[in-house]
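Observations on the model geometry
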Amino acid sequence: MPTATDGIPSPRQFTYPFYYEPHPLCVAAVEELKPLCRELLKKENGGKMFGVLIVEQAGKRFYLAAFSGTLGGTYHHEGFVPPVYDLQNPSGYFRQEESNISAINRRIANGEDTPELRTERKQRSIALQQWIFQQFNLLNAQGVVRNLTELFKEQPSILSAEEFFNKTVRPSKNTATPSQKIPSGSGECCAPKLLQYAYLHGLHPVCMAEFWLGPSPKEELRTDGNYYPACQAKCKPILTHMLQGLDVEENPLLKRNRAVASQVEYLYSDSDLAVVYKPSGLLATPGKDDIPSLLDIVRQKHPYALNVHRLDMDTSGLMLFALTDTAYKHLQQQFYRQEVQKEYVALLDGTPSSDLPRKGCITLPLLPNPFDRPRQMVSHEHGKQAITYYELQDDGHILFFPKTGRTHQLRLHAAHPDGLGCPIKGDALYGKPADRLYLHAQSIQFVHPRTGETLRFTFPSHF
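Residues numbered from 1 in each chain as written. Predicted model: local features only at pLDDT ≥ 70, side-chain atom pairs only at ≥ 80, totals over all residues. Heavy atoms only, no water.

Across the two faces of strand β15 (residues 388-392) the burial differs, with T388, Y390 and L392 buried and Y389 and E391 not buried at all. Judged from the four bridges that link them, strand β12 (residues 359-362) and β15 form a sheet pairing that is antiparallel. Following the sheet pairing, G360 is matched in β15 by Y390. Relative to strand β16 (residues 397-402), β15 is paired through five bridges, and the arrangement is antiparallel. The residue of β16 that forms the bridge with Y390 is F400. Here β15 folds back onto β16 in antiparallel fashion, the turn holding four residues, of which G396 has a positive phi close to 95°. (Buried < 20%, exposed > 50% of the residue type's maximum accessible area, 1.4 Å probe, protein only. Helix = DSSP H or I, 4+ residues; strand = E, 2+ residues; numbered from the N terminus. Pairing = 2+ DSSP bridges.)

Structure below.
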């Protein structure tokens, strides 16, 4: 460990990997590791995710380092932990069977294209993929070993990228083959590599962090030097197992949600609808982790309330709730016809290019990243239409007037190089974290579903 960490105490509990602030021990280790990582990135065409794991053994602290997948075409670099399973071993079964499948591909390409040969290729490919999943035997702190097939068995089906985009195949929840259920590259991210090495060598995990270095991928945004949580699709089933036996922090979102719930404020309510202020840090609707949401709070007063739109957890501002089925259908139609007028205010983390018009429209199409929820990505081929009008203000603020309501639309339209090229301040997903996300839904206008009256509500931001 760097000498500067001598006076830093170890955390009481291990890092909750899906939402965290990096511990000072991890930050110090990352700063020491970065020069080596950047040197190795010269062999890589693009950026890479790296990770550090602080461990203890016999009263001494040190750190392990890892990179996701391969780096410069290999799994092995001095100073980094090895892969959980080495697919590149030239004498291993994977390489031999891969060569056999490649030989079949060549025969087909050279004109020997028969149904029997194609069937053999398909069967061998599926069998090889299943074999690979069974070679990733992952430990946890209790010494229990489970492979990828076992770990993903109880998980909801995960579509491949092609299936996700084209929606041509919908695997059932319990009968999908491993190749359909388990994302490619599972077990090759930093966190599983680091924990596996620690367990195999009798090292006690203390805290962990993962960070990105290098240029961002083309479609999904990654910021050089930023810390990122473990991905959901590949790592959640794996880490849920591998962390068993460790004293892991409570999900910080639970603590934060409890703290901000008291800031909820009603601006208006009648028998048909309610307009409510949602503070930053509170989920709009229930998620997968049973974290209390604004909808839960509203239903304490209005048991049959339904949300007709959403705000990101870290976005503050006004939300509209229907209190009857009739009101819900009417308001939903207004959103569908883009008749609801919404106004957001934000602070950007930096200064947009001087070539950027003071007023303009961004139309980058968006869709969810199927393997790294909740992140979204720009895709001109598969994305859905997303339209954002903006207006730069003299005081450094920016106003957004979205016509569509895609998830993370304003955040990605701000951060993407083909949008504003400047992320919203505090955007931990597409920019750099701060004390909060500086994005606020300050105004909403719609037609009352029963009276036909045009209603407009405004709640100024606190920034």
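More follows now that the structure is in view.
Below, the discussion takes up the nonpolar core. The biggest cluster of nonpolar side chains holds 44 residues, and the ones touching the most others in it are L53, L64, L148, L194, L195 and L239. Counting residues per element, this core draws most heavily on helix α7 (residues 190-200), at six residues. Ignoring anything within four residues of it in the chain, the contact list for L195 reads F14, L53, P205, L239, M242 and L243. Ranked by size, the runner-up nonpolar core spans 41 residues in total, among them L294, L295, I362 and I398. (Core = buried A, V, L, I, M, F, W, Y, C linked by side-chain atoms within 4.5 Å. Contact = heavy atoms within 4.5 Å.)

Pairing between side chains of opposite charge can happen when the charged atoms of each approach one another. Under the counting rule described, the total for this entry stands at 19 salt bridges. Note that D113 and R118 form a salt bridge whose closest N and O atoms lie 2.7 Å from each other. E339 is the partner of R337 in a salt bridge, and the nearest nitrogen-oxygen pair spans 2.8 Å. Salt bridges sharing partners connect three or more residues here, namely E97, E120 and R124. (Salt bridge = Lys/Arg side-chain N within 4 Å of Asp/Glu carboxyl O.)

Between its first and last C-alpha, helix α3 (residues 115-135) extends 30 Å over 21 residues, near the 30 Å set by a 1.5 Å rise per residue. Every buried residue belonging to α3 is among L117, L128, W131, I132 and F133, and all of these are buried. (Expected span 1.5 Å × (residues − 1).)

At a minimum axis separation of 10 Å, helix α2 (residues 93-109) and α3 run at an interaxial angle of 160°. The orientation of α2 relative to α3 falls into the category roughly antiparallel. Considering how the two elements wind past one another, α2 and α3 form a crossing that is left-handed. Counted together, Y93, F94, E97, E98, N100, I101, I104, N105, R107 and I108 of α2 and L117, R118, E120, R121, R124, S125, L128, W131 and I132 of α3 form the full contact between these two elements. Looking at the contact of α2 with α3 residue by residue, the classes come out as nine nonpolar, three polar and seven charged. (Axes fitted to C-alpha atoms, helices over the stretch in contact; angles between N-to-C directions. Parallel < 35°, antiparallel > 145°, perpendicular 65-115°, else oblique. Left-handed = near helix turned anticlockwise from the far one by under 90°. Nonpolar A, V, L, I, M, F, W, Y, C, P; charged D, E, K, R; others polar.)

That is the geometry; function is a separate question.
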